[in-house]
Amino acid sequence: MNEQEYAMPYQTTDLIPQSGEERLQLSYLNGLYDNAIRRAQQSLIDRAIDDGFFDDKQFDQDELALYKARGQAALQYNEIKPTVMWVCGAYRRTKLDWQVSPRTDDDVEPAQVKTKLMKYVFDINKAAFQHSAAFEDMIRTGMGWTKVGYELNQDGEYQITMRHIPWRNVIRDDTSRRLDCADMRYVFETKIVDLDQLTTAYPQFKDRLTRESEDWATAKQSYDYQKFNQFDVATGSLGLFGTGYMSVRKAVRVIECWYKQPERVKVLHGDGRHNGEVYDQKNAMHAYGVNSGAYRVTETYRMQTWCAIFTRGTLLWNQRSPYRHNRIPYIPRIGFIDNQTGMPSGIIRSMRDPQRDLNHRRNKALHLLSTRRVVMDKGAVDDISKLEEEMARPDSIIEKARNHDLQIIENIQLAQPHIDLAVQDSAYIRQISGVTGENMGLPTNATSGVAIQARQEQGSIITTVFFDNDTLARQLEGEQILSLCEQFMDEPMVFRISGSSSGKPDFVRINDGNPESDITAQQADFIVNQQDYRVTIRQALADQLIQFSGQLAQQTGNPAIGIAMLEQAIELTDIPERKQIISRIRQITGQPDPDEPDEQRQAREQAQAQEQQRQQQIAERKLMAEISKIEAEAKSLSSKADATAVIALYDKARALQEAIKSAGMVQASPQLTQIADDLLRGINSILGLPDSQQQPTPTAQPQPMQPQQQEQQQQPMQQQAQPDTQDMPGQPDTQPEPQGVPDEQEPTSQQP
């Protein structure tokens, strides 16, 4: 198919739109599309070759013909695939979370509801798989795409969608240099659509589309030919699919273009769902908002986004973007950008040459090891063809003529240099990719744990750029999805959120008349938080936190500190159901959830205050019972002369007073402290001590003494205690004197 034949469909006069404006617009879009493909053609070929190297298509047609002529199979030793798979596997284990943050203090509850709504949107679109597919395209070819939109589903209802777009279907503005592609003017997505599907969606253009349709395989081939400008590249043949069913399946190449053009527009500003939209006088809600003063209209200059859907000869749709965010809804993930050409490349581009050399070296070494050379005089053998057959056998027997030289030369020495170079190629591939043997768990020359960890860290740092660019793409996706939620989600709805920390489904209601559940009333911000994706680093950090948490709790004597660090350590691990484990730990220890809503926090604090008050009342009643018991014992002992019992009672009273202080009841229940103090003063009066003096607590039980020792000890004590008995308040004159203390405890200077 040549260029003229390819250009026939949209140059046919009966397919040109009748409207002059549509004719000019279609001509502009076709010219923009052809120019974009022409400028990106070499980049598309290189990216296709990169993709083919991952898919074990590492030889071109000339190389395959050379191996075939040599009688050798073209063996591939793919070092690229495990490298790419390791990076993609590390991405799938990435710990990334996000939330919707309010812009004002009054929007905290609506922001939490929007967070749950966006989780629901991600769930129904299987966002994790869409992200993984786009990330893999970025690693393999340098650019991956996702598209965010508000489209009809299979049930005929509009919903927010987010899906992966294959890299082969997208052509972007190559003048863009920013990673978020905010400076690009256009993006094209090309699709081969069956004729019956297209005519069902656009019945008004059925006749035109039918004349424009062609065989499905031919449409696919012509599209690939225009992109790659050749039929055979490293990804394999792009030839026809053959006859049969495919030959009767009619299809049309459909192009969707999102482009920007400068305009002066009137934009609405105010607190409401229409904030930021282009003012339309025909829109009743816009007119009512402006007339009521809820919105003000500002005329400004900006790059307005438009959307067009067209074929080569028919303009199906062309309007301003219906989205308030005014962005192109295609989200790029870019690996590397050539600053000169603006074309992307992935991790495979720099590994292609050493991989190609590795294949050739290994195949050459295998060929040399499998063959032998013969140097002989002419006439050394009668039949050279028979000599060739014998040389091919491992147990060959060769008969040569007398006086003729015949040497068989082995190629082992020639093969060894090729093997050494192949080993260097393999090591170089791992070096430039950043995925070292230590990252993949392969045996290397690093023997110590420190060396292995250092090389793992080196590989993780080199590949960080891809994860960083993906985080930017996730941020852009979230901003657009949040904007669509605030623009279109205005109907009452009940949805389910799975995967909560409790393990139970959470049913959420929105737009049910409650201001906190109104999605479109206010605007919020989307924030992405990313944890370290490197498994070995996270595991090492988790182990250190677990060890340090135990040491810290032991040294400080506060288990709560160790438990808090233990929660963070578990969060860094890949333990299944770790959220449930953390929730159970918090439940046992009474620690609150950091993400606990304000209502639950207030209810919990109120319940804790009530429980603390109840426990305090129980402790007060227990202490009052102890005080009553001690008072009763004091009254009973006041009529007896048992000093040991009085001292024991004094110890109980002192212990009770210390218990009140240590329990923190001095401020909460000052009456208990007063009662304990009065009780101590009463016991002091029994012992004949002033209120400022304290009786030491006996450390051992008194031992029985001989009568002689009792008389010697009681005599000085009676002489000391006699003058003070008359001064002790509240004591009768007939009260007996206390017994002497044991020999083990000498009277202290505090006793009168």
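Residues numbered from 1 in each chain as written. Predicted model: local features only at pLDDT ≥ 70, side-chain atom pairs only at ≥ 80, totals over all residues. Heavy atoms only, no water.

What to know about the confidence of the model for the chain
Okay, step 1: With 69% of its residues at a pLDDT of at least 70, the chain reaches an overall mean of 76.
Okay, step 2: Low pLDDT (under 50) marks residues 1-17, which in the prediction has 28 contacts with non-local residues, meaning those over four places away or in another chain. (pLDDT = per-residue confidence, 0-100. Contact = heavy atoms within 4.5 Å.)

Remarks on the sheet that holds strand 3 (residues 158-165)
Okay, step 1: Pairing in this open sheet of three strands is antiparallel, and the strands run 3-2-12 from one edge to the other. Of all the strands in the sheet, just strand 3 and strand 12 (330-334) have a single pairing partner and so form its edges. Strand-to-strand, the axes of this sheet are offset by a mean angle of 15 degrees, without reference to chain direction.
Okay, step 2: Contacts from helix 15 (residues 464-488) reach strand 2 (143-152), strand 3 and strand 12, with the element oriented near 170 degrees to strand 12. (Pairing = 2+ DSSP bridges. Helix = DSSP H or I, 4+ residues; strand = E, 2+ residues; numbered from the N terminus. Axes fitted to C-alpha atoms, helices over the stretch in contact; angles between N-to-C directions.)

Structural notes on the side chain of aspartate 51
Okay, step 1: Of note, aspartate 51 is situated in helix 2 (residues 20-54).
Okay, step 2: The buried category is assigned to aspartate 51, whose relative accessible area is 9%.
Okay, step 3: At 2.7 Å, the side chain of aspartate 51 and the side chain of arginine 140 are in polar contact.
Okay, step 4: Discounting residues that sit within four places of it in the chain, aspartate 51 has contacts with Arg140, Thr141, Trp167 and Arg168. (Buried < 20%, exposed > 50% of the residue type's maximum accessible area, 1.4 Å probe, protein only. Polar contact = N/O pair within 3.5 Å; in protein donor to acceptor, adjacent residues only side chain to side chain.)

Remarks on a nonpolar patch on the surface
Okay, step 1: A cluster of nonpolar side chains, Leu369, Ile412, Ile419 and Val423, forms an exposed patch at the surface whose accessible area comes to about 350 Å².
Okay, step 2: Among the elements that make up the nonpolar patch, the one with the highest residue count is helix 13 (residues 412-433) (three residues).
Okay, step 3: Considering the arrangement of structural elements, one finds leucine 369 in helix 11 (residues 352-370).
Okay, step 4: Of the residues examined, leucine 369 reaches a relative accessible area of 47% and is grouped as partly exposed. (Patch = residues over 30% accessible without salt bridge, like charges linked within 9 Å, V, L, I, M, F, W, Y side chains within 5 Å. Areas by Shrake-Rupley, 256 points an atom, 1.4 Å probe, with all protein chains shown as cover. Salt bridge = Lys/Arg side-chain N within 4 Å of Asp/Glu carboxyl O.)

Let's talk about the packing of aromatic side chains
Okay, step 1: Taken as a whole and judged by the stated rule, the model has 14 aromatic pairs.
Okay, step 2: Pairing tyrosine 150 with tyrosine 158 gives two aromatic rings, centres 5.4 Å apart and planes at 15 degrees, and the pair type is stacked.
Okay, step 3: Their ring planes at 10 degrees and their centres at 5.9 Å tell us that tryptophan 258 and tyrosine 323 sit as a pair that is stacked. One end of the pair, tryptophan 258, is in strand 9 (residues 250-270); the other, tyrosine 323, is in the loop between strand 11 (315-320) and strand 12, with 65 residues separating them in the sequence.
Okay, step 4: Here the aromatic residues Tyr150, Tyr158, Trp258, Tyr323 and Phe488 are joined through ring pairs into a cluster of three or more.
Okay, step 5: Residue placement shows lysine 81 over the ring face of phenylalanine 54; its charged tip is 5.3 Å from the ring centre.
Okay, step 6: Over the ring of tryptophan 98 we find lysine 119; its NZ or CZ atom is 4.6 Å from the centre of that ring. (Phe/Tyr/Trp six-rings, centres within 6.5 Å; stacked < 30°, edge-to-face > 60°. Lys NZ or Arg CZ within 6 Å of the ring centre and 35° of its normal.)

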